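Reading the structure
Here's the letter readout for the chains.
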Amino acid sequence: MATLLAAVLAALITSSVAKRNLRHAAEEAERDRHAQAKLEVRKARREAYATFLTACLKALNKIVTDPEDGGLWESDGDPWDKYRSETRSALHEVLHSQSLVAVEGPGEVIKASEEARRAVQEFRNAKRDYHKPGLEDEEEARERVIDAKEVARKAVNDFAKAARGVLGS
């Protein structure tokens, strides 16, 4: 009888230890899945943020480039047509990449990306208006371009700061 009781007690202890080990393994697996999911979210956000920031910087660079600098705008046609086409394309990239940021979030980064997108667009509009034929007040238009450029640079930098804050770097 004592042997049977010892065997039952050993089985209960073994069962208890096995349950505890299984519970611990399940908790570890859940923590690993959670950590992996966090890494995937961070990776997707980093990619979306980097794509948006690159698009903004590319657009700013296209906008500030002088269309009448023949070495930069070599083409068979009107350099202004190429300038307009390339800045329009660059703004499309900004808009597209901003939509990726809007999907990834969070709210403060989405807001910063919207502000940067609007500021880059406004800079392009100011530059376009400055180069329109028949400009009435050239000095005022030039000041608007300078101001819009600074606002756009600040907005893009603010986005980068917000993105770094979310990514923790």
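Rules of the game
- Residues numbered from 1 in each chain as written.
- Predicted model: local features only at pLDDT ≥ 70, side-chain atom pairs only at ≥ 80, totals over all residues.
- Heavy atoms only, no water.
- Helix = DSSP H or I, 4+ residues; strand = E, 2+ residues; numbered from the N terminus.
- Expected span 1.5 Å × (residues − 1).
- Buried < 20%, exposed > 50% of the residue type's maximum accessible area, 1.4 Å probe, protein only.
- Contact = heavy atoms within 4.5 Å.
- Axes fitted to C-alpha atoms, helices over the stretch in contact; angles between N-to-C directions.
- Parallel < 35°, antiparallel > 145°, perpendicular 65-115°, else oblique.
- Left-handed = near helix turned anticlockwise from the far one by under 90°.
- Nonpolar A, V, L, I, M, F, W, Y, C, P; charged D, E, K, R; others polar.

**Focus: helix 4 (residues 138-167)**
- Counted at 1.5 Å a residue, the expected span for helix 4 with its 30 residues is 44 Å, and the 43 Å between its end C-alpha atoms agrees.
- Buried within helix 4 are the following residues: Ala141, Val145, Ala148, Ala152, Ala155, Val156, Phe159, Ala160, Ala162, Ala163 and Leu167.
- Buried positions along helix 4 lie against helix 1 (2-64), helix 2 (79-104) and helix 3 (107-130).
- Immediately downstream of helix 4, the backbone of Gly168 shows phi near 75°, a positive value.

**Observations concerning helix 3**
- Taking 1.5 Å of rise per residue, the 24 residues of helix 3 would be expected to cover 34 Å, and the 34 Å separating its terminal C-alpha atoms lies within 8% of that figure.
- Within helix 3 the residues assigned to the buried category are Val109, Ile110, Ala112, Ser113, Ala116, Ala119, Val120, Phe123, Arg124, Asn125, Ala126 and Lys127.
- Among the structural elements, helix 1, helix 2 and helix 4 are those in contact with the buried residues of helix 3.

**Some remarks on the packing of helix 1 against helix 3**
- The geometry of helix 1 relative to helix 3 is characterised by a closest axis approach of 10 Å and an angle of 15° between their N-to-C directions. When the axes of helix 1 and helix 3 are compared, the pair comes out roughly parallel. Pair helix 1 / helix 3 crosses with left-handed handedness. Counting all contacts with helix 1, which are made through Tyr49, Phe52, Cys56, Ala59, Leu60, Ile63 and Val64, the residues of helix 3 involved are Val109, Ser113, Ala116, Arg117, Val120, Phe123, Arg124 and Lys127.
- Of the residues in the contact of helix 1 with helix 3, the class split is 11 nonpolar, one polar and three charged.

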